[in-house]
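For reference, the chains in residue letters:
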Amino acid sequence: PWMHAAQALDHPEPPTPTAKVHQAPASGNRQTVSPEQAIWIVFGSADCEECAWLRNVFLPELNRKTSLPPVYYVNIDMENAFGLLIQLESLLGSRGQTFPALFAGGPMLYGKQEILANRERLHTLAMGKQSLTTDVHTVLNEHAELLTPVNLEPTSPIAAGPEAPRETAGQQLWTDDY
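Residues numbered from 1 in each chain as written. Predicted model: local features only at pLDDT ≥ 70, side-chain atom pairs only at ≥ 80, totals over all residues. Heavy atoms only, no water.

A. Molecular detail of the pattern of salt bridges. The final tally for this structure, using the stated rule, is one salt bridge. The shortest N-O distance in the salt bridge between arginine 64 and glutamate 61 comes to 2.8 Å. Here arginine 64 and its partner glutamate 61 are both found in helix H2 (residues 49–65), three residues apart, which amounts to about one turn of the helix. The class of glutamate 61 is buried, set by a relative accessible area of 4%. (Salt bridge = Lys/Arg side-chain N within 4 Å of Asp/Glu carboxyl O. Helix = DSSP H or I, 4+ residues; strand = E, 2+ residues; numbered from the N terminus. Buried < 20%, exposed > 50% of the residue type's maximum accessible area, 1.4 Å probe, protein only.)

B. The arrangement of the packing of aromatic side chains in detail. Summed over all chains, the structure comprises one aromatic pair. Residues tryptophan 53 and phenylalanine 58 carry aromatic rings whose centres are separated by 5.2 Å and whose planes lie at 35 degrees to one another, so their mutual orientation is tilted. In this structure, arginine 55 is placed above the aromatic ring of tyrosine 73, and the distance from its NZ or CZ to the ring centre is 4.1 Å. The positively charged end of lysine 112 is found above the aromatic ring belonging to tryptophan 53, 4.9 Å away from the centroid. (Phe/Tyr/Trp six-rings, centres within 6.5 Å; stacked < 30°, edge-to-face > 60°. Lys NZ or Arg CZ within 6 Å of the ring centre and 35° of its normal.)

Such coordinate-based values are descriptive only and should not be taken to indicate function.
This is the structure in structure tokens:
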């Protein structure tokens, strides 16, 4: 479990003993983030089923409905990734208790239930013009080596399989059954 950013800054705690901290990729793989560019970031870990659901099912389906800005994944087990999350939370006045955490150009959403509850809001955000604040832009570029692009092509049978449900007039695919 992790704590609110302000608590962590006052009382920093090292990752739990079970957390795997990996070295960030070499700077040759460094992404750059433009302040005019809206981006979304998924914070999660490799062994988190809901994090995989967000990257492989939910976001590709949302992208099918409306073109999303670039989406990046930050493996929270990577060195300095937790620090990036804390800095963003501090800048946004957000706090959360669960993963995945989704930075959608401004709002932070935590966990599958909150993300599903805000799916229409995310759809609206994706359709609008967004840009990053100077502070958020600076923090993201300081940690750009942690940003891994997310493939928004459907990869799950739920989202991409031949038997995947398709919307028809008057029917809404957005259900809590994801």
